[in-house]
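# Structure at a glance
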Amino acid sequence: MKPVIAVNTAPQPQGMNITLESTSIFLGITVSVVMLVGTSVKVVSKFNSITNKLRDLREDLNSHALALEQTKLLSEKIFTLEKRFEIHLQDYVNHKDADLLAINGLKEKIEHKAEKAEDYFKELRIEIKDIQGFLHKQQNFRIRNGD
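Residue numbering note: each chain is counted from 1, following its sequence as written. pLDDT decides what is reported in this predicted model: residues at 70 or higher carry local features, side-chain atom pairs at 80 or more are listed and counted, and totals for whole chains, interfaces and linings draw on all residues regardless. Values reported for side chains reflect all heavy atoms of the structure, with hydrogen atoms and water molecules removed beforehand.

### As for the overall build of the chain
As a reminder of what qualifies: Only runs of H or I of at least four residues qualify as helices and only runs of E of at least two qualify as strands under DSSP, and these elements are numbered from the N terminus. Only protein chains enter the accessibility calculation, which uses a 1.4 Å probe. A residue is then buried if its area is under 20% of the maximum for its type, exposed if over 50%, and partly exposed in between.
Assigned secondary structure in the chain consists of 1 helix and 0 strands. Residue burial in the chain is summarised as follows: out of 147 residues, 0% are buried.

In structure tokens:
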């Protein structure tokens with residue numbers, strides 16, 4: 001058998017009894033609540049941080065998409081301007097070639113007319129000399145040299 005010891009506890013006064021055990025429980029609950037609040041604050045702050053980072057990322061993506069669209073529009077404008085420039089450049093080359101052909105054609109025409117004129121003047125000189133010779137034989141006609 002086991003020995004049993006019986007103890008009478010002192011009578012507890014009526015009212016608020018604060019013992020070491022109740023204080024320990026109260027402090028344990030308080031520390032747990034404070035830790036839960038701290039943990040929940042950390043979780044909420046992390047969640048807010050992630051939300052802010054996602055918002056910033058979305059804004060960056062939108063700005064990059066807008067910049068990409070503007071770049072695309074700009075490259076299309078540049079492409080259009082390059083094509084228009086190439087067309088004008090080709091027109092310039094064609095006009096230059098046509099002008100050169102016209103100038104060369106006029107040069108040839110002038111040279112041809114000059115050669116014909118020289119031949120015509122040679123014939124006139126010969127005829128004038130023949131007439132002078134005839135007049136000189138017939139009428140003693142003398143030609144003066146503009147003196």
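Now that the structure has been shown, we can carry on.
### A short note on the pattern of salt bridges
Close approach of charged atoms allows side chains with opposite charge to pair. To keep it simple, the criterion reads: Within this document, salt bridges are pairs made up of a side-chain nitrogen of Lys or Arg and a carboxyl oxygen of Asp or Glu, the two lying within 4 Å of each other.
Taken as a whole and judged by the stated rule, the model has 3 salt bridges. Note that Glu59 is salt-bridged to Arg55, the shortest N-O span being 4.0 Å. Note that Glu59 and Arg55 are positioned in helix α1 (residues 20–139) at a spacing of 4 residues, about one turn of the helix. Since its relative accessible area comes to 46%, Glu59 is described here as partly exposed. Its relative accessible area of 41% is what places Arg55 among the partly exposed residues. The salt bridge involving Lys83 is made with Glu86; its shortest N-O contact spans 3.9 Å.

### Digging into a negative patch on the surface
Where we set the bar: Candidates for patches are residues over 30% relative accessible area with no salt bridge; among them, like charges are joined within 9 Å and nonpolar side chains (Val, Leu, Ile, Met, Phe, Trp, Tyr) within 5 Å. Here the Shrake-Rupley method, with its probe set to 1.4 Å, supplies the accessible areas, and only the displayed protein chains count as covering residues. We score Asp and Glu as negative and Lys and Arg as positive, and we do not count His or the chain ends. A charge is said to be at NZ when it belongs to Lys, at CZ for Arg, at CG for Asp and at CD for Glu.
There is a patch of like negative charges on the surface, built from Glu108, Glu111, Glu115, Glu118, Asp119, Glu123, Glu127 and Asp130. Looking at the secondary structure, you find Glu108 in helix α1.

### Thoughts on the packing of aromatic side chains
Keep this limit in mind: Two rings belonging to Phe, Tyr or Trp (six-membered ring only in the last case) form a pair when the distance between their centres is within 6.5 Å. Interplanar angles under 30 degrees mark stacking, angles over 60 mark edge-to-face geometry, and anything in between is tilted.
Using the criterion set out here, one finds 1 aromatic pair in the structure. Here Tyr120 and Phe121 contribute two aromatic rings whose centre-to-centre distance is 6.2 Å and whose plane-to-plane angle is 50 degrees, an arrangement assigned as tilted. Residue classification places Phe121 among the partly exposed positions, given a relative accessible area of 47%.

### Considering α1
For the record, the criterion: The span expected for a helix works out to 1.5 Å for each residue beyond the first.
For α1, spanning 120 residues, the distance from its first C-alpha to its last is 172 Å, which sits close to the expected 178 Å at 1.5 Å a residue. One or two positions beyond α1, positive phi appears at Asn140, with a value near 55 degrees.

### Re a nonpolar patch on the surface
Side chains of Ile25, Ile29, Val33, Val37 and Val41 sit close together on the surface and give an oily, nonpolar patch of about 440 Å² of accessible area. With respect to the helices and strands, the residue Val41 is situated in helix α1.

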